[in-house]
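Here is how the chains run, residue by residue.
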Amino acid sequence: MANDEPDTPGFLLPPPLTYLLPLVFGLLLDRRIHVPFLPRSVARSLGWPLLGGGVLLNGWFNFTMRRTDASIDPRKPVSKLVTEGPFRYTRNPAYLSLTMIYAGVTALRNALWPILLLPLVLYVIQRDQTEREEQYLERIFGEEYLTYKTSVRRWV
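Residues numbered from 1 in each chain as written. Predicted model: local features only at pLDDT ≥ 70, side-chain atom pairs only at ≥ 80, totals over all residues. Heavy atoms only, no water.

1. Some details on the overall build of the protein chain
Move 1: Of the regular secondary structure elements, the protein chain holds five helices and zero strands.
Move 2: In the protein chain, the succession of α and β elements from N to C terminus is α-α-α-α-α.
Move 3: In terms of its C-alpha atoms, the protein chain occupies a principal-axis envelope of roughly 55 × 35 × 25 Å.
Move 4: Counting every position in the protein chain, which comprises 156 residues, the buried fraction comes to 38%.
Move 5: Looking at the protein chain alone, contacts between residues at least 24 apart form 80% of all its contacts between residues at least 6 apart.
Move 6: If you sum the accessible surface of the protein chain, you get close to 9200 Å²; carbon and sulfur atoms cover 62% of it.
Move 7: Counting 18 positive and 14 negative side-chain charges, the protein chain places the centres of these two groups 12 Å from one another. (Helix = DSSP H or I, 4+ residues; strand = E, 2+ residues; numbered from the N terminus. Buried < 20%, exposed > 50% of the residue type's maximum accessible area, 1.4 Å probe, protein only. Contact = heavy atoms within 4.5 Å. Areas by Shrake-Rupley, 256 points an atom, 1.4 Å probe, with all protein chains shown as cover. Lys, Arg positive; Asp, Glu negative; His and termini not counted. Charge placed at Lys NZ, Arg CZ, Asp CG, Glu CD.)

Okay, here's the thing in structure tokens:
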């Protein structure tokens, strides 16, 4: 019997939820037991640029995907390999922007708990999403993706 399922990377969770759930959990824990991890001035000086940069990068990512008529949802089949816009500098601008937003919110709140969860979030993003997505793109685009992969870093 043929498989009628579209060929996709097969993620367990949508990527934004992979970031949002631990962030919310960490912030809720912080409300119960607040443990600052940075001096207040450093937290603000670090938090605002991370948050603002993450929002701008996410906007650039979304603009590029819409302009090239590619799906923003990485759980859907890919019709073309996008290598322009932020993809010239990072293979994963959406994940990078979500990481920056997560870190920016955490720094602005000066909350230790969510920052302690960030390595776990990045591990899950790496294992469940980035690696699956790269295998999928190699399967779909072959040599074109392999060439792109050698010229552009995964994160920065």
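2. Considering the packing of helix α1 (residues 15-32) against helix α3 (residues 93-109)
Move 1: Two elements in contact, α1 and α3, have axes separated by 10 Å at closest approach and are oriented at 10°. One finds that α1 runs roughly parallel with respect to α3. Counted together, P15, P16, Y19, P22, L23, L27 and D30 of α1 and Y95, L98, T99, Y102, V105, T106 and R109 of α3 form the full contact between these two elements.
Move 2: Tallied by class, the residues present in the contact of α1 with α3 amount to 10 nonpolar, two polar and two charged. (Axes fitted to C-alpha atoms, helices over the stretch in contact; angles between N-to-C directions. Parallel < 35°, antiparallel > 145°, perpendicular 65-115°, else oblique. Nonpolar A, V, L, I, M, F, W, Y, C, P; charged D, E, K, R; others polar.)

3. Concerning a nonpolar patch on the surface
Move 1: On the surface, a cluster of nonpolar side chains totalling about 480 Å² of accessible area is made up of L13, L17, L20, L21, V24 and L28.
Move 2: Classification of L20 as partly exposed rests on a relative accessible area of 43%. (Patch = residues over 30% accessible without salt bridge, like charges linked within 9 Å, V, L, I, M, F, W, Y side chains within 5 Å. Salt bridge = Lys/Arg side-chain N within 4 Å of Asp/Glu carboxyl O.)

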